[in-house]
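Residue-level structure breakdown
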Amino acid sequence: MSSTPLAHSPSVPASEVQPEFTLRAIVLGAVLGVVFGAASTFLALRVGLTTSASVPIAVLAIWAIRKRRGQRAILEHNIVQTTGSAGESVASAVVFTVPALIFLGYPLQVGLTALIAVTGGVLGVLMMVPLRRYLIVKEHGVLRYPEGKACAEILQAGERGGTSAKKVFVGLGFGALFKAFQALFGGVKASIAAPITFFRGAEVGCDVAPELLGVGYIIGYRTSVMMVAGSVLASLILVPLILLFGAGLDAPLAPATTLIRDMSPGAVWSNYVKHIGAGAVAAGGIFALARALPSIVSSIRASAGSLFGGAGGSAASTSRLDRDTPVAVLLAGALAIVVFIWFVPAFQMTLLGALLILVLGFLFSVVSSRITGEVGSSSCPLSGMTIGVLMATCGAFLLAGWEGSSYSRLALMIGAVVCIAISNAGTCSQDLKTGFLVGATPVKQQGALLIGVLTSVLAVGWTAYLLNLAETREHVLAKPFAVAPALVAKAESSGRAEEDVYALVALEGANAPAEASAGTYLVDRGTNEARYALPATAGAEPRALPVPFAVAPALVEAAKETAVVPDAREYAFVRLAQEDVPSGVAPGIYLVDRETNEARVQREDGIGAGRLQAPQAKLMSVVIDGLLTHKLPWDLILIGAAIAVFIELLGFRSLTFAVGVYLPISSTMPVFLGGVVRFLADKLYKREPDAEDEPQGVLWCSGLIAGASILGILAAMQGFLPGFDRDTGLHPQIAVFTAWLPELSGSDLFGLGVLALLGFLMYRGAAPAKE
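About the cut-offs
Residues numbered from 1 in each chain as written. Predicted model: local features only at pLDDT ≥ 70, side-chain atom pairs only at ≥ 80, totals over all residues. Heavy atoms only, no water. Phe/Tyr/Trp six-rings, centres within 6.5 Å; stacked < 30°, edge-to-face > 60°. Helix = DSSP H or I, 4+ residues; strand = E, 2+ residues; numbered from the N terminus. Buried < 20%, exposed > 50% of the residue type's maximum accessible area, 1.4 Å probe, protein only. Lys NZ or Arg CZ within 6 Å of the ring centre and 35° of its normal. Expected span 1.5 Å × (residues − 1). 1 Å grid on protein atoms, 1.4 Å probe; cavity = no way out; pocket = protein on both sides within 12 Å on 5 of 7 lines; lining within 4 Å. Points joined across faces, edges and corners; volume = space filled by probe spheres on them. Nonpolar A, V, L, I, M, F, W, Y, C, P; charged D, E, K, R; others polar. Axes fitted to C-alpha atoms, helices over the stretch in contact; angles between N-to-C directions. Parallel < 35°, antiparallel > 145°, perpendicular 65-115°, else oblique. Left-handed = near helix turned anticlockwise from the far one by under 90°. Contact = heavy atoms within 4.5 Å. Pairing = 2+ DSSP bridges. Core = buried A, V, L, I, M, F, W, Y, C linked by side-chain atoms within 4.5 Å. Patch = residues over 30% accessible without salt bridge, like charges linked within 9 Å, V, L, I, M, F, W, Y side chains within 5 Å. Areas by Shrake-Rupley, 256 points an atom, 1.4 Å probe, with all protein chains shown as cover. Salt bridge = Lys/Arg side-chain N within 4 Å of Asp/Glu carboxyl O.

**What to know about the packing of aromatic side chains**
- Taken as a whole and judged by the stated rule, the model has 15 aromatic pairs.
- A centroid spacing of 4.6 Å and a plane angle of 65° characterise the contact between Trp63 and Phe169, whose relative ring orientation is edge-to-face. Within this pair, whereas Trp63 is found in helix H2 (residues 54-64), its partner Phe169 is found in helix H8 (residues 165-184), the two being separated by 106 residues in sequence.
- Under the relative-accessibility criterion, Trp63 is labelled partly exposed at 44%.
- Site record: aromatic cluster; members linked through ring pairs are Phe181, Phe737, Trp740 and Phe750.
- If you follow Arg678 out to its NZ or CZ, it ends over the ring of Tyr217, 5.0 Å from the centre.

Here's what the structure looks like:
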């Protein structure tokens with residue numbers, strides 16, 4: 001370890017004062033932070049991965065902000081990427097943790113998500129800044145900070161006149177164009193699939209998703225192979241095995257409630273393999289944490305020495321390059337945030353929880369900052385460290401006698417705030433390293449980071465909430481059932497995601513029961529019960545019937561007109577286990593009428609189903625549930641853990657493979673195809689395989705991801721338009737290609753052609769820049 005800082009000459013020396021913390025830089029950085037933050041939210045919900053936004057934001061900053069006469073713009077460019085990178089950092093950590101609320105039986109709320117994001121994000125910055133002089137300055141030449149160094153080189157090249165902003169914009173345009181063609185206009189299927197006819201239960205699929213192809217290119221061929229290998233194990237080995245050996249069972253095998261022989265491959269994956277994947281991801285995260293322990297210990301020792309031994313806490317010099325936020329302000333801010341978390345009712349925080357946030361937040365922020373310097377942000381084990389936080393938190397709860405599902409929300413609140421702090425501390429250290437190399441003023445960068453956090457949290461919160469709401473399905477129960485009052489009393493309230501659609505039925509003469517007068521009634525199609533009477537006066541609101549009555553099914557089926565009535569009941573959002581529901585009813589999330597304690601609606605949130613699998617959030621819920629409630633299908637979880645052990649014994653890192661086991665093969669196949677494009681580009685363009693500093697294709701694919709993700713979010717918002725078809729995921733009046741060219745748009749072969757075209761464009765986008 002170096003005892004004196006390595007000699008360093010920044011691009012802008014301390015004696016030179018150039019524009020830096022300007023309005024145009026802050027506004028552009030905040031806008032780009034919102035855009036890339038929203039894109040990262042969509043991406044992390046889909047496949048549990050995000051890509052660094054610093055380099056593409058730096059390139060866009062060089063293109064957008066030109067130097068004024070007699071001045072340099074490099075410090076403004078640095079402020080743009082510093083502000084913007086906070087959005088991506090907050091988004092990944094939020095999506096890795098906060099959606100676990102749904103899996104634990106709590107509704108996802110915008111306000112709570114934003115509060116968690118802002119407190120964790122600010123806390124990460126405040127806890128990392130005191131370490132700047134030690135980690136960034138004193139350890140210069142020891143800690144590499146690869147992304148920070150790469151970003152500094154981009155900024156320096158931009159000042160010399162070299163910029164690749166065109167690649168980002170071209171990729172963004174193609175990403176938006178292809179996503180709009182598929183998700184808005186219905187020009188190509190969202191996913192292509194083909195069963196293997198001679199292999200029962202085996203099915204191969206691939207999403208036509210530009211953003212996932214881009215992710216595959218950026219993470220590289222080797223990583224994409226590991227991920228798809230996990231899905232191959234799940235779809236081509238585990239699912240057929242379960243169907244083969246379960247076909248002779250005469251009773252359902254828990255946790256499913258139907259016979260295995262009656263299940264489709266997708267149902268087998270959802271009921272059994274998904275739990276195996278969750279166990280593999282949990283074990284893979286623990287292995288990642290164990291692998292990082294030596295670095296964690298050395299980080300704590302080195303950083304403690306710097307703080308308490310005087311190395312990192314020396315008095316600030318008068319140099320512009322050494323001007324930090326005063327330590328007293330940082331300490332006061334960190335304590336104020338923890339007290340805020342303790343007192344704000346939305347967190348439902350205890351004193352023990354607040355102390356755990358303070359201690360674990362600082363401890364793992366130190367660890368994250370140093371590991372980021374050693375291996376980079378992409379290789380920093382964020383999931384593993386968060387698992388460590390949750391295990392420590394749940395361990396403290398168990399020692400205090402706090403056991404059961406009532407404490408799972410509190411454990412997640414602590415883990416989520418600390419996870420976001422960990423993520424932002426690592427990003428903060430990368431940005432400060434970039435600033436150190438180009439000659440930025442540290443205190444101005446620290447202010448830009450805080451602004452980036454504050455401007456991106458609402459975008460991240462609303463994106464996650466609206467994506468979940470747009471994909472949520474609700475099924476009104478034909479036979480409501482009673483729920484234990486104790487479960488309803490402690491549950492949080494929730495409104496309906498969908499409005500009830502009733503059949504308009506005119507009853508008169510023999511069709512009207514004795515207790516009802518002739519007239520028009522709104523009849524529930526699920527139960528064939530008249531629930532509202534429609535007054536004869538034009539424009540009058542439907543009147544709720546005190547006692548619903550049965551209507552002949554033939555009359556309901558014959559009804560052509562429908563009416564929408566908002567559900568005014570107050571519902572409790574309750575997660576019911578198998579022992580809490582009647583025989584033959586599946587466990588899950590139900591909306592329970594607080595007035596009658598009856599479950600009336602089964603709810604399937606968008607996150608955790610369909611496209612938004614959120615594997616990292618599922619992992620966090622498994623850890624909390626396993627430690628506090630013990631209500632897990634442990635046989636399946638342990639099979640997954642054994643798979644992770646097997647992969648580790650083969651000499652590979654199991655977490656990436658485990659994520660593949662958890663995700664459907666249709667989600668990992670496009671990632672693999674993107675990795676294949678990277679392999680071919682590296683080979684044919686004679687580059688080092690999967691090199692971290694490959695600039696051309698990474699920039700092009702960063703734009704591809706951003707463009708496709710933003711259009712993916714807009715396409716998901718169609719779910720709020722009247723007439724949206726949830727089965728196809730398209731709006732009939734917008735998806736014009738499904739009417740004009742139904743055979744072509746619905747063809748799997750055409751979908752393959754679109755994937756091939758995207759791959760070719762990615763390959764061309766990765767071509768070396770012309771001199």
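Back to the write-up after that little detour.
**What to know about helix H23 (residues 696-716)**
- Taking 1.5 Å of rise per residue, 21 residues should cover 30 Å, and H23 covers 30 Å from first to last C-alpha, within 8% of that figure.
- Of all 21 residues in H23, 18 are buried; the element is thus mostly enclosed.

**Focus: empty space enclosed by the protein**
- Per the counting criterion, the structure on display carries two cavities of 30 Å³ or more.
- By volume, the second largest cavity is sized at about 30 Å³.
- Around the second largest cavity, the lining residues are Phe178, Phe181, Gln182, Val188, Val208, Pro210, Val754 and Leu758.
- Those elements that provide at least two residues to the lining of the second largest cavity are H8 and helix H26 (748-765).
- In terms of residue count, the dominant contributor to the lining of the second largest cavity is H8 (three residues).
- Of the residues belonging to the lining of the second largest cavity, the class tally is seven nonpolar, one polar and no charged.

**With respect to the packing of helix H10 (residues 221-246) against helix H22 (residues 665-684)**
- Interhelical geometry of H10 versus H22 gives an angle of 150° and a closest axis separation of 8 Å. In terms of orientation, H10 lies roughly antiparallel with respect to H22. H22 is crossed by H10, and the crossing has left-handed handedness. For the pair formed by H10 and H22, the contact residues are Tyr221, Ser224, Val225, Met227, Val228, Ser231, Val232 and Ser235 on the first element and Ile665, Thr668, Met669, Val671, Phe672, Gly675, Val676, Arg678 and Phe679 on the second.
- Looking at the contact of H10 with H22, its residues break down into 11 nonpolar, five polar and one charged.

**Some remarks on helix H19 (residues 615-628)**
- Helix length check: H19, at 14 residues, gives a terminal C-alpha distance of 20 Å against a target of 20 Å (1.5 Å per residue), a fit within 8%.
- Extensive coverage of H19 is indicated by the burial of 13 of its 14 residues.
- At the exit of H19 stands His630, carrying a positive phi of roughly 60°.

**Some words on the pairing of strand S9 (residues 562-565)**
- Residues of S9 alternate between two faces, with Ala563 and Val565 buried on one and Thr562 and Val564 left unburied on the opposite face.
- Here four bridges tie strand S5 (residues 500-507) to S9, and the two strands are oriented antiparallel to one another. Along S9, the bridge assignment pairs Asp500 with Val565.

**Notes on the environment of Ile414**
- Mapped onto the elements of the fold, Ile414 is located in helix H15 (residues 408-438).
- The class of Ile414 is buried, set by a relative accessible area of 0%.
- Apart from the residues lying within four places of it in its own chain, the contact partners of Ile414 are Met349, Gly353, Leu356, Ile357, Thr393 and Phe397.

**Observations concerning the sheet that holds strand S7 (residues 529-534)**
- Ordered by their spatial adjacency, five strands build an open sheet running S8-S7-S6-S5-S9, and the pairing between neighbours is antiparallel. Two strands lie at the open edges of the sheet, namely strand S8 (543-550) and S9, each paired on one side alone. Averaged over neighbouring strand pairs, the angle between their axes works out to 40° when direction is ignored.
- Where strand S6 (residues 519-524) meets S7, five bridges bridge the pair, whose relative direction is antiparallel.

**A closer look at the nonpolar core**
- With 142 residues, the main nonpolar core has Ile116, Met349 and Ile357 as its most contacted residues.
- Sequence-distant contacts of Ile116, that is, excluding residues within four places in its chain, are made with Val98, Phe347, Met413, Ala416, Val417 and Ile420.

**As for a nonpolar patch on the surface**
- Taken together, Val339, Trp342, Phe343, Leu351 and Leu355 make up a surface patch of nonpolar side chains, about 480 Å² in accessible area.
- Mapped by element, the contributors of at least two residues to the nonpolar patch are helix H12 (327-343) and helix H13 (351-375).
- The element contributing the most residues to the nonpolar patch is H12, with three residues.

**Comments concerning the packing of helix H3 (residues 74-97) against H19**
- Interaxial distance between H3 and H19 falls to 6 Å at its minimum, and their mutual angle equals 45°. Taken together, the axes of H3 and H19 lie oblique to each other. From H3, Val95, Phe96 and Thr97 reach across to H19, where they touch Gln616, Ala617 and Met620.
- Along the lines of polarity and charge, the residues of the contact of H3 with H19 split into four nonpolar, two polar and no charged.

**Some points on unusual backbone geometry**
- In this structure, Pro255 follows Ala254 across a cis peptide bond, with omega equal to 10°.
- Locating Pro255 in the fold gives a position in the loop between H10 and helix H11 (265-308).
- Positioned with a positive phi, Gln348 is a non-glycine residue whose angle comes to about 50°.
- Relative to the assigned elements, Gln348 resides in the loop between H12 and H13.
- Residue class for Gln348 comes out partly exposed when judged on its relative accessible area of 48%.

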